[in-house]
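Listed below, chain by chain, are the residues.
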Amino acid sequence: MTNRLRLLVCASVFTSVSFAASTARVEFKNAQGQSVGSATLAPKTADDTGGVRVTLDLHGLPPGEHALHFHQNAKCDPPDFASAGPHFNPEKKQHGLHNPAGPHAGDMENFVVGSDGTAQVEVVAPGVTLNHGDNALLSNGGRSLVIHAHGDDMMTDPAGNSGARIACGVVTAE
Ligand code: ZN
(Lines give C-alpha, C1' and ligand atoms only; values in the text may rest on other atoms or scores of the structure.)
Protein backbone atom coordinates (compact mmCIF):
# COMPACT_ATOMS: atom_id res chain seq x y z
CA MET A 1 0.00 0.00 0.00
CA THR A 2 1.35 3.43 -0.93
CA ASN A 3 1.58 6.17 1.66
CA ARG A 4 -1.02 8.15 -0.26
CA LEU A 5 -3.45 5.23 -0.12
CA ARG A 6 -2.77 4.75 3.60
CA LEU A 7 -3.69 8.37 4.21
CA LEU A 8 -6.94 7.92 2.30
CA VAL A 9 -7.83 4.81 4.32
CA CYS A 10 -7.09 6.63 7.59
CA ALA A 11 -9.20 9.59 6.52
CA SER A 12 -12.17 7.36 5.76
CA VAL A 13 -11.89 5.62 9.16
CA PHE A 14 -11.89 8.97 10.97
CA THR A 15 -14.85 10.11 8.91
CA SER A 16 -16.88 7.06 9.91
CA VAL A 17 -15.98 7.57 13.60
CA SER A 18 -17.09 11.18 13.54
CA PHE A 19 -20.57 10.10 12.39
CA ALA A 20 -20.94 7.44 15.11
CA ALA A 21 -23.42 7.82 17.94
CA SER A 22 -22.79 10.98 19.95
CA THR A 23 -24.78 9.88 22.99
CA ALA A 24 -25.87 6.60 24.52
CA ARG A 25 -28.40 5.42 27.07
CA VAL A 26 -28.71 2.76 29.75
CA GLU A 27 -32.04 1.45 31.12
CA PHE A 28 -31.41 -0.20 34.49
CA LYS A 29 -33.27 -3.24 35.81
CA ASN A 30 -32.93 -4.64 39.32
CA ALA A 31 -32.62 -8.30 40.32
CA GLN A 32 -36.43 -8.69 40.10
CA GLY A 33 -36.41 -7.29 36.55
CA GLN A 34 -38.07 -4.00 37.57
CA SER A 35 -36.96 -0.63 36.19
CA VAL A 36 -34.85 1.44 38.58
CA GLY A 37 -34.15 4.32 36.21
CA SER A 38 -31.69 5.23 33.51
CA ALA A 39 -28.42 6.88 32.58
CA THR A 40 -27.51 9.11 29.66
CA LEU A 41 -23.95 8.94 28.39
CA ALA A 42 -22.04 11.62 26.49
CA PRO A 43 -18.36 12.07 25.62
CA LYS A 44 -16.58 14.49 27.95
CA THR A 45 -14.61 16.01 25.07
CA ALA A 46 -15.69 16.90 21.53
CA ASP A 47 -13.26 14.38 20.00
CA ASP A 48 -14.52 11.50 22.24
CA THR A 49 -11.06 10.63 23.57
CA GLY A 50 -11.28 11.91 27.16
CA GLY A 51 -13.87 10.05 29.21
CA VAL A 52 -17.65 9.77 29.30
CA ARG A 53 -20.16 11.70 31.43
CA VAL A 54 -22.73 9.37 33.01
CA THR A 55 -25.86 11.24 34.14
CA LEU A 56 -27.88 9.02 36.47
CA ASP A 57 -31.62 9.33 37.11
CA LEU A 58 -32.41 6.45 39.47
CA HIS A 59 -35.14 5.32 41.86
CA GLY A 60 -36.01 2.32 44.00
CA LEU A 61 -32.45 1.71 45.19
CA PRO A 62 -31.06 1.20 48.72
CA PRO A 63 -29.93 4.52 50.25
CA GLY A 64 -26.20 5.09 50.66
CA GLU A 65 -23.00 4.86 48.64
CA HIS A 66 -22.83 2.56 45.61
CA ALA A 67 -20.18 1.53 43.13
CA LEU A 68 -20.77 1.99 39.40
CA HIS A 69 -18.70 0.15 36.77
CA PHE A 70 -18.79 -0.58 33.07
CA HIS A 71 -18.63 -4.36 32.59
CA GLN A 72 -17.27 -6.34 29.66
CA ASN A 73 -20.45 -7.90 28.23
CA ALA A 74 -23.58 -6.21 26.88
CA LYS A 75 -25.74 -8.74 28.72
CA CYS A 76 -27.77 -8.20 31.93
CA ASP A 77 -29.56 -11.39 33.02
CA PRO A 78 -31.22 -11.10 36.46
CA PRO A 79 -31.04 -11.89 39.27
CA ASP A 80 -27.24 -11.83 39.71
CA PHE A 81 -26.15 -10.18 36.42
CA ALA A 82 -23.15 -12.53 36.22
CA SER A 83 -23.70 -12.43 32.45
CA ALA A 84 -22.25 -8.91 32.41
CA GLY A 85 -18.83 -10.46 33.04
CA PRO A 86 -15.88 -8.72 34.72
CA HIS A 87 -15.11 -5.00 34.64
CA PHE A 88 -14.36 -3.63 31.15
CA ASN A 89 -10.56 -3.87 31.14
CA PRO A 90 -9.02 -3.82 27.62
CA GLU A 91 -5.68 -2.57 29.02
CA LYS A 92 -5.34 -5.59 31.38
CA LYS A 93 -4.83 -3.49 34.50
CA GLN A 94 -5.88 -4.08 38.12
CA HIS A 95 -9.04 -2.65 39.65
CA GLY A 96 -9.31 0.74 41.30
CA LEU A 97 -8.91 4.45 40.57
CA HIS A 98 -6.40 4.61 43.48
CA ASN A 99 -4.59 1.35 42.65
CA PRO A 100 -1.02 2.01 41.38
CA ALA A 101 -1.45 -0.96 38.98
CA GLY A 102 -4.88 0.25 37.85
CA PRO A 103 -7.44 1.24 36.96
CA HIS A 104 -9.77 -0.73 34.76
CA ALA A 105 -11.13 1.36 31.88
CA GLY A 106 -14.62 0.80 33.34
CA ASP A 107 -13.83 2.15 36.82
CA MET A 108 -15.27 5.41 38.19
CA GLU A 109 -16.19 7.21 41.42
CA ASN A 110 -18.99 6.07 43.71
CA PHE A 111 -22.36 7.83 43.84
CA VAL A 112 -24.89 8.28 46.65
CA VAL A 113 -28.57 7.28 46.70
CA GLY A 114 -30.71 9.49 48.97
CA SER A 115 -33.00 8.36 51.78
CA ASP A 116 -35.91 8.33 49.29
CA GLY A 117 -34.11 5.77 47.12
CA THR A 118 -33.40 8.20 44.28
CA ALA A 119 -30.26 9.68 42.75
CA GLN A 120 -29.91 12.41 40.12
CA VAL A 121 -26.17 12.82 39.74
CA GLU A 122 -23.38 12.94 37.17
CA VAL A 123 -20.36 10.64 37.40
CA VAL A 124 -17.42 10.86 34.97
CA ALA A 125 -15.91 7.60 33.73
CA PRO A 126 -12.37 8.79 32.88
CA GLY A 127 -11.09 5.67 31.11
CA VAL A 128 -13.69 5.04 28.42
CA THR A 129 -15.02 6.60 25.20
CA LEU A 130 -18.30 6.08 23.38
CA ASN A 131 -16.84 5.16 19.99
CA HIS A 132 -13.13 6.02 19.86
CA GLY A 133 -10.43 3.34 20.08
CA ASP A 134 -10.10 0.17 22.15
CA ASN A 135 -11.83 1.61 25.24
CA ALA A 136 -15.08 2.36 23.39
CA LEU A 137 -18.34 1.36 25.04
CA LEU A 138 -20.22 0.94 21.74
CA SER A 139 -17.64 -1.17 19.83
CA ASN A 140 -16.83 -4.90 19.73
CA GLY A 141 -20.21 -6.10 20.97
CA GLY A 142 -20.83 -3.31 23.47
CA ARG A 143 -20.78 -3.08 27.27
CA SER A 144 -23.08 -2.93 30.30
CA LEU A 145 -23.28 -0.57 33.27
CA VAL A 146 -23.65 -2.20 36.70
CA ILE A 147 -24.65 -0.73 40.08
CA HIS A 148 -23.29 -2.59 43.11
CA ALA A 149 -24.68 -3.03 46.63
CA HIS A 150 -21.84 -1.13 48.33
CA GLY A 151 -19.29 1.58 47.62
CA ASP A 152 -16.04 0.81 45.84
CA ASP A 153 -12.86 1.06 47.96
CA MET A 154 -11.02 2.11 44.75
CA MET A 155 -8.18 -0.31 45.46
CA THR A 156 -9.12 -3.99 45.92
CA ASP A 157 -8.81 -6.14 42.79
CA PRO A 158 -10.99 -7.14 40.97
CA ALA A 159 -14.08 -5.12 42.04
CA GLY A 160 -13.29 -2.87 45.02
CA ASN A 161 -15.22 -4.94 47.61
CA SER A 162 -18.40 -3.42 46.23
CA GLY A 163 -20.61 -6.46 46.80
CA ALA A 164 -23.49 -7.87 44.78
CA ARG A 165 -24.64 -6.51 41.44
CA ILE A 166 -28.03 -4.95 42.24
CA ALA A 167 -28.89 -3.31 38.91
CA CYS A 168 -27.64 -3.58 35.34
CA GLY A 169 -28.32 -2.10 31.91
CA VAL A 170 -26.84 -2.45 28.42
CA VAL A 171 -25.16 0.61 26.87
CA THR A 172 -27.28 1.46 23.81
CA ALA A 173 -26.47 4.02 21.11
CA GLU A 174 -28.96 6.86 20.66
ZN1 ZN B 1 -12.63 -2.33 38.13
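Residues numbered from 1 in each chain as written. Predicted model: local features only at pLDDT ≥ 70, side-chain atom pairs only at ≥ 80, totals over all residues. Heavy atoms only, no water.

### Some words on the overall build of the protein
Our working rule: Numbering goes from the N terminus for both helices and strands, where a helix is a DSSP run of H or I of at least four residues and a strand is a run of E of at least two. Only the protein chains shown count as cover for residues, and all accessible areas are computed by the Shrake-Rupley method using a 1.4 Å probe.
Scanning the protein for helices and strands turns up one helix and ten strands. Accessible surface computed for the protein: about 8600 Å², of which carbon and sulfur atoms make up 56%.

### Let's talk about the pattern of salt bridges
Operational definition: By salt bridge we mean one thing: a side-chain nitrogen of Lys or Arg within 4 Å of a carboxyl oxygen of Asp or Glu.
Within the structure shown, the criterion is met by three salt bridges. Residues Arg-25 and Glu-27 are paired through a salt bridge, measuring 2.7 Å at the closest nitrogen-oxygen approach.

### Quick look at the side chain of Asn-30
The following threshold applies: Per-residue accessibility, obtained with a 1.4 Å probe over protein chains only, is compared with the maximum for each type, and a residue is labelled buried under 20%, exposed over 50%, and partly exposed between these values. Between N or O atoms, a polar contact is any pair within 3.5 Å; within protein, one atom must be a potential hydrogen donor and the other a potential acceptor, and residues adjacent in sequence are included only when both atoms are from side chains. Only heavy atoms enter the contact rule, under which two residues are in contact if any of them lie within 4.5 Å.
When you line up the elements, Asn-30 lands in strand β1 (residues 24-30). In this structure Asn-30 comes out as buried when scored by relative accessible area, which is 9%. A polar side-chain atom of Asn-30 sits 3.0 Å from the main-chain amide nitrogen of Gln-32. In this structure, Asn-30 is in contact with Val-36, Pro-78, Phe-81, Ile-166 and Ala-167, ignoring residues within four places of it in sequence.

### As for the coordination of the zinc ion
The following threshold applies: Donor selection uses N, O and S atoms within 2.8 Å of the metal (3.2 Å for Na, K and Ca). Since no water is included, sites may look incomplete. When four donors show all angles between 85 and 135 degrees the site is tetrahedral, when four or six donors have opposite pairs over 155 degrees and all other angles between 65 and 115 it is square planar or octahedral respectively, and in every other case it is irregular.
At 2.0 to 2.1 Å from the zinc ion lie its protein donor atoms, namely His-87 (ND1), His-95 (ND1), His-104 (ND1) and Asp-107 (OD). Around the zinc ion sit four donor atoms; with metal-centred angles ranging over 102 to 119°, the donor geometry is tetrahedral. Sequence positions of the residues that donate to the zinc ion give the spacing H-x7-H-x8-H-x2-D. Of this pair, His-95 sits in the loop between β5 (68-71) and β6 (111-113) while Asp-107 sits in the loop between β5 and β6, and the two are twelve residues apart along the sequence. Accessibility classification places His-95 together with Asp-107 in one group, the buried group.

### Digging into the environment of Ala-167
Among the structural elements, Ala-167 can be located in strand β9 (residues 165-170). Note on Ala-167: relative accessible area 0%, which makes it buried. Each C-alpha atom, one on Ala-167 and one on Gly-33, is 8.8 Å from the other, the two residues being 134 residues apart in sequence. In this structure Ala-167 touches Phe-28, Lys-29, Asn-30, Val-36, Phe-81, Leu-145, Val-146 and Ile-147, once residues within four positions along its chain are discounted.

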